[in-house]
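# Coordinates in review
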Amino acid sequence: ALLSQIRGSIKESQLIGMMRNPNPYEFKSSTKEFQHLMKEKDTDIYEIYHSSFRLFVTGTLSTMINITNDQIASYCEKNPDTTYSIENHLHHVVNGTNIQKGLSMCNQAWADSCALNDVSPDLVMQDIKECLSFAVDSNLPVEVVRLMLLAQRIETRCDSIMVDNATDVANLKI
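Here goes a summary of the coordinates provided. It should be emphasised that the depicted structure is a prediction, and the values quoted were computed from it without experimental measurement. (Residues numbered from 1 in each chain as written. Predicted model: local features only at pLDDT ≥ 70, side-chain atom pairs only at ≥ 80, totals over all residues. Heavy atoms only, no water.)

### Topic: the layout of surface pockets
The rolling of a water-molecule-sized probe over the atoms marks out the regions of remaining empty space. Note the cut-off: Only protein atoms enter the 1 Å grid used here, on which a cavity is any set of points holding a 1.4 Å probe that cannot leave and a pocket is any open set flanked by protein within 12 Å on both sides along at least five of seven lines; residues with an atom within 4 Å of a point are listed as lining. Grid points are joined across faces, edges and corners, and a volume is the space filled by probe spheres set on the points. Each helix is a run of DSSP H or I of at least 4 residues and each strand a run of E of at least 2, with the numbering of both proceeding from the N terminus. When residue character is reported, Ala, Val, Leu, Ile, Met, Phe, Trp, Tyr, Cys and Pro are called nonpolar, Asp, Glu, Lys and Arg charged, and the others, Gly included, polar.
Each pocket or cavity is described by its volume, and for the largest pocket that value is around 420 Å³. Looking at the largest pocket, it is lined by 20 residues, and the ones nearest its centre are A1, L2, L3, S4 and F34. When contributions to the lining of the largest pocket are tallied by element, the ones reaching two or more residues are α1 (2–5), α3 (24–31), α4 (51–60) and α5 (65–78). It is α3 that contributes the most residues to the lining of the largest pocket, four residues altogether. Of the residues contributing to the lining of the largest pocket, the split by class is 13 nonpolar, five polar and two charged. A volume near 190 Å³ is recorded for the second largest pocket. Lining the second largest pocket are A111, C114, A115, D118, V119, S120, P121, V124, I154, R157, C158 and I161. Elements with a contribution of two residues or more to the lining of the second largest pocket: α8 (108–116), α9 (121–137) and α10 (141–173). No other element matches α10, which puts four residues into the lining of the second largest pocket. Of the residues assigned to the lining of the second largest pocket, the class counts are nine nonpolar, one polar and two charged.

Take a look at the structure:
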């Protein structure tokens, strides 16, 4: 369940740190059984090869998914400076059991922190849209408006950065 909720790739040491009762030796032996489902084989980087398997595991273990995301969010809170935590903490909180906490985390300060840490704008927008979806589903009109304004600010920033640097990018290609 844990690996099915990881977004992108993750180092083995981080994945073990997310486990409830980490035992690196048991982990290594149990991963041999599904190593063929990983993008990279025989490395300490883990990422499920195909999204269909991720969706299958998520569907099969649907009752555990919120708790699993809480577990990953807890790891991210304890290790805030790791790249994985910076890029994915909000995603795991909002997909956990405390959606309201995730919605409140999705703000301008979070977006600024992501920008300062070179998080992909597409990933930031994906998280904002995910939060927006939860706010709509939960019938929270104030949150919906706040998140829509945040999304608009981020999109405008990205567009203006592209416009400001289009000539420089074009010159690099020449």
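Read on, since the account is not over.
### Let's talk about the pattern of salt bridges
Close approach of charged atoms lets side chains of opposite charge pair. The condition that has to hold: A pairing counts as a salt bridge when a side-chain nitrogen of Lys or Arg comes within 4 Å of a carboxyl oxygen of Asp or Glu. In this scheme, a residue with accessible area under 20% of its type's maximum is buried, one over 50% is exposed, and one in between is partly exposed, where area comes from a 1.4 Å probe on protein chains only.
In total, this model carries five salt bridges according to the counting rule given. A salt bridge links E47 to K39; the nearest nitrogen and oxygen atoms lie 3.4 Å apart. Across the pair E77 and K101 runs a salt bridge whose closest N-O atoms are separated by 2.7 Å. A residue pair is termed long-range when its members are at least 10 positions apart, and E77 in helix α5 and K101 in helix α7 (residues 99–105) qualify at 24 residues. Looking at E77, the relative accessible area reads 39%, which means it is partly exposed.

Taken by themselves, the reported measurements are silent on function.
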